[in-house]
Amino acid sequence: DAGVIQSPRHEVTEMGQEVTLRCKPISGHNSLFWYRQTMMRGLELLIYFNNNVPIDDSGMPEDRFSAKMPNASFSTLKIQPSEPRDSAVYFCASSLAGRWGGGQFFGPGTRLTVL
Amino acid sequence: QKEVEQNSGPLSVPEGAIASLNCTYSDRGSQSFFWYRQYSGKSPELIMFIYSNGDKEDGRFTAQLNKASQYVSLLIRDSQPSDSATYLCAVVGAIQGAQKLVFGQGTRLTINP
């Protein structure tokens, strides 16, 4: 079975540009999570969806960040405009939510560099 | 107090020995606990989960949970150089919803041949 798919794997852009990260969760999973990982702050949850509905976006750093999940097999994380401090690895993860949470399976990540 | 705390290490263990990784959490109502392994430059990989007090064994890995002490640990028996990685403890906190994982900062483990 295919795991979580993310694209692009690497993105280099200039400050002020729009960046769109894409994620395809594991088929049959009903929860999707976007994380950011840096050396300084570790792994941070940005937002998560359950059945395509955003449940908790309290981790989204500011209005420059937005996420959508138009259907069960696709999600995007957009940064507009991008800034150098957004440079990080962005992970998408999916799970089949049980009563007390199912294990989350991570995609390979997108390494974002904003110059 | 951080919600999930781990010793950042590095933890250095000789090959063949037992590696012991520890994690404490602050939300007493937490019900689900996960261990992830992350190799450098790779994504976190789920290796163990535990819901009930006591021990859970899977191959060379044993997860231990003590809810009264708010403590969860991971033991790796017969450590191999391929076990060298960062190990992340994650908790589903009852007060934060049943799906949101809170991660510790991770413990970097090095197995010395």
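Quick caveat: nothing in here was measured; it's all calculated off a predicted structure.

Calculation criteria
- Residues numbered from 1 in each chain as written.
- Chains lettered and ligands numbered in written order.
- Predicted model: local features only at pLDDT ≥ 70, side-chain atom pairs only at ≥ 80, totals over all residues.
- Heavy atoms only, no water.
- Helix = DSSP H or I, 4+ residues; strand = E, 2+ residues; numbered from the N terminus.
- Rg over C-alpha atoms; globule rule 2.2 N^0.38 Å.
- Buried < 20%, exposed > 50% of the residue type's maximum accessible area, 1.4 Å probe, protein only.
- Contact = heavy atoms within 4.5 Å.
- Areas by Shrake-Rupley, 256 points an atom, 1.4 Å probe, with all protein chains shown as cover.
- Lys, Arg positive; Asp, Glu negative; His and termini not counted.
- Charge placed at Lys NZ, Arg CZ, Asp CG, Glu CD.
- Pairing = 2+ DSSP bridges.
- Disulfide = S-S within 2.5 Å.
- Salt bridge = Lys/Arg side-chain N within 4 Å of Asp/Glu carboxyl O.
- Buried area = accessible area lost by both parts, 1.4 Å probe.
- Polar contact = N/O pair within 3.5 Å; in protein donor to acceptor, adjacent residues only side chain to side chain.
- Nonpolar A, V, L, I, M, F, W, Y, C, P; charged D, E, K, R; others polar.

J.: Which residues make up the overall build of chain B, and what values go with them?
T.: When you go through chain B residue by residue, the secondary structure sums to 0 helices and 11 strands. Each helix and strand of chain B, placed in order from N terminus to C terminus, yields the pattern β-β-β-β-β-β-β-β-β-β-β. The C-alpha radius of gyration computed for chain B amounts to 13 Å, which stays within 12% of the reference 13 Å derived for 113 residues, consistent with globular compactness. Out of the 113 residues in chain B, the part that is buried amounts to 45%. Counting contacts in chain B only where the partners sit at least 6 residues apart, residues at least 24 apart contribute 54% of the total. Accessible surface, chain B: about 5,200 Å² in total, of which carbon and sulfur atoms supply 47%. Distance between charge centroids for chain B: 5 Å, based on 10 positive and 10 negative side chains.

J.: Please set out the pairing of strand β3 (residues 19-24) of chain A residue by residue, giving values where relevant.
T.: Side-chain positions along a regular strand alternate between the two faces of the sheet. Residue and element names in this part refer to chain A. Alignment of strand β1 (residues 5-7) against β3, held across 3 bridges, turns out to be antiparallel. Note on β3: the bridge partner recorded for Ser7 is Arg22. Pairing between β3 and strand β8 (residues 74-79): 5 bridges, direction antiparallel. Looking at β8, one finds that Thr20 is bridged to Lys78.

J.: For the state of the cysteines, give the residues involved together with the corresponding values.
T.: In this structure the tally under the stated criterion is 2 disulfides over all chains. Each disulfide pairs two cysteine sulfurs, and for A:Cys23 the partner residue is A:Cys92, the sulfurs being separated by 1.9 Å. Measuring the twist about the S-S bond at about -65°, one finds the A:Cys23-A:Cys92 disulfide to be left-handed. Here the residue A:Cys23 occupies a position in strand β3, and A:Cys92 occupies one in strand β9 (residues 88-95), the gap between them amounting to 69 residues. Between the sulfur of B:Cys23 and that of B:Cys89 lies a disulfide, 2.1 Å long from S to S. Judged by the torsion about the S-S bond (-70°), the B:Cys23/B:Cys89 disulfide is left-handed. Note that B:Cys23 is positioned in strand β3 (residues 19-25) and B:Cys89 in strand β9 (residues 85-92), a separation of 66 residues in sequence. Neither residue differs from the other here; B:Cys23 and B:Cys89 are each classed as buried.

J.: Tell me about the pattern of salt bridges, and please be specific about residues and values.
T.: If charged atoms from side chains of opposite charge come close, those side chains can pair. All names here are of chain A. Summed over all chains, the structure comprises 12 salt bridges over all chains. The salt bridge involving Arg64 is made with Asp86; its shortest N-O contact spans 2.7 Å. On the criterion of sequence distance, the pair formed by Arg64 in the loop between β6 (53-56) and β7 (65-71) and Asp86 in the loop between β8 and β9 is long-range, its members being 22 residues apart. With respect to burial, Arg64 and Asp86 carry one shared label: buried. Among the charged side chains, a salt-bridge network with shared partners connects Glu62, Arg64, Glu83, Arg85 and Asp86.

J.: Any details on the interface of chain B and chain A? Residues and values, ideally.
T.: Taken together, the 19 residues of chain B in the interface contact 25 residues of chain A. For the chain B face of the interface with chain A, the top three residues by lost area are B:Gln99, B:Lys100 and B:Phe103, together amounting to 33%. The interface formed by chain B and chain A includes 1 salt bridge. For A:Asp56, the salt bridge is made with B:Lys100, and the minimal N-O distance between the two is 3.0 Å. Seen at the junction of chain B and chain A, the total is 4 residue pairs in polar contact (both at pLDDT 80 or more). Listing elements by their share of the side of chain B that touches chain A, those giving two or more residues are β4 (32-38), β9 and β10 (101-103) of chain B. A breakdown of the residues in the side of chain B that touches chain A according to their chemical character gives 11 nonpolar, 6 polar and 2 charged.

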